[in-house]
Amino acid sequence: MILFHSGDLNVRRLEIEDAPLLVRWLSDPAVLEYYEGRDRPHDQTLVQARFYKDEEDGVNRGIVQFKDRPIGYIQYYPVGREEKEEYGYADYTGRIYGMDQFIGEPQMWNRGIGSLLVGEMVKYLLEAEQADLIVMDPQCRNHRALRVYEKNGFVRGKLLPEHEWHEGEWRDCWLISYNSKS
């Protein structure tokens, strides 16, 4: 099932047949440098546990396609109470969604596809899910991703020190947000 389509880009729901793609992408050191960590290559068992086991977790998972070729992964979800508190939104009454994504084919990096993907996903969340606020927490060192997010209207908010365990150490992250009222 297609979630959205824009020119050569579309996002469809993750299917069980996509597991080998996730295994391939999440065992590539170039991808793992930014997503999950090079010390955590994924095999079939780990992919099944992380992406297919808990279908009631509220996470909507998708495959990114460019010119009908699968090139990456995206997920979005309503932000839960604990995350709202951690991010400073405990009293926020609007709908807050989080999203995460990666382009799993490094040869497709630096072509504007990530920026197109983020922009179209923002539109989808605002329209289809009625999101009021969209948040992400990229690592501070991921300058390329931060540029993409800021280009698409996300604003750096709160520094989250030692927020994510990545490659054997705690990494600082930025809480970034896109406000539908902006």
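Shown above is the structure to which this text applies.
Parameters at a glance
- Residues numbered from 1 in each chain as written.
- Predicted model: local features only at pLDDT ≥ 70, side-chain atom pairs only at ≥ 80, totals over all residues.
- Heavy atoms only, no water.
- Helix = DSSP H or I, 4+ residues; strand = E, 2+ residues; numbered from the N terminus.
- Rg over C-alpha atoms; globule rule 2.2 N^0.38 Å.
- Buried < 20%, exposed > 50% of the residue type's maximum accessible area, 1.4 Å probe, protein only.
- Contact = heavy atoms within 4.5 Å.
- Areas by Shrake-Rupley, 256 points an atom, 1.4 Å probe, with all protein chains shown as cover.
- 1 Å grid on protein atoms, 1.4 Å probe; cavity = no way out; pocket = protein on both sides within 12 Å on 5 of 7 lines; lining within 4 Å.
- Points joined across faces, edges and corners; volume = space filled by probe spheres on them.
- Nonpolar A, V, L, I, M, F, W, Y, C, P; charged D, E, K, R; others polar.
- Axes fitted to C-alpha atoms, helices over the stretch in contact; angles between N-to-C directions.
- Parallel < 35°, antiparallel > 145°, perpendicular 65-115°, else oblique.
- Left-handed = near helix turned anticlockwise from the far one by under 90°.

Engineer: Would you mind showing me how to read the overall build of the protein chain here?
Structural biologist: Check the secondary structure of the protein chain and you find six helices and eight strands. Secondary structure elements in the protein chain, listed N-terminal to C-terminal, are β-β-α-α-α-β-β-α-β-α-β-α-β-β. Relative to the globule expectation of 16 Å for 182 residues, the C-alpha radius of gyration of the protein chain, 16 Å, shows essentially globular dimensions. Reported as C-alpha extents along the three principal axes, the dimensions of the protein chain are approximately 40 × 40 × 35 Å. The burial tally for the protein chain puts 48% of its 182 residues in the buried class. The contacts of the protein chain with a sequence gap of at least 6 include a subset with a gap of at least 24, amounting to 61%. Counting only carbon and sulfur atoms, one obtains 47% of the accessible surface of the protein chain, whose full area is about 9,500 Å².

Engineer: How should I be thinking about empty space enclosed by the protein in this particular structure?
Structural biologist: Over the atoms, a rolling probe the size of a water molecule traces out where space has been left empty. Counted under the stated rule, the structure contains one cavity of 30 Å³ or more. Here the largest cavity defines a volume of roughly 30 Å³. If you go around the largest cavity, the residues you meet are Tyr-77, Tyr-87, Met-99, Asp-100, Val-135, Met-136 and Asp-137. Elements represented by at least two residues in the lining of the largest cavity include exactly strand E5 (96–103) and strand E6 (133–136). When its residues are assigned to classes, the lining of the largest cavity shows five nonpolar, no polar and two charged.

Engineer: It is not clear to me how the packing of helix H5 (residues 113–128) against helix H6 (residues 143–151) should be interpreted in this structure. Could you clarify?
Structural biologist: When two helices pack together, you describe them by how their axes are tilted relative to each other and by the distance separating the axes. The N-to-C vectors of H5 and H6 enclose an angle of 45 degrees; their axes lie 9 Å apart at closest approach. As far as their axial angle goes, H6 and H5 are oblique. Both H5 and H6 take part in a crossing whose hand is right-handed. On H6, the residues touching Gly-114, Ser-115 and Val-118 of H5 are Val-148, Tyr-149 and Lys-151. Considering only residue class, the contact of H5 with H6 consists of three nonpolar, two polar and one charged.

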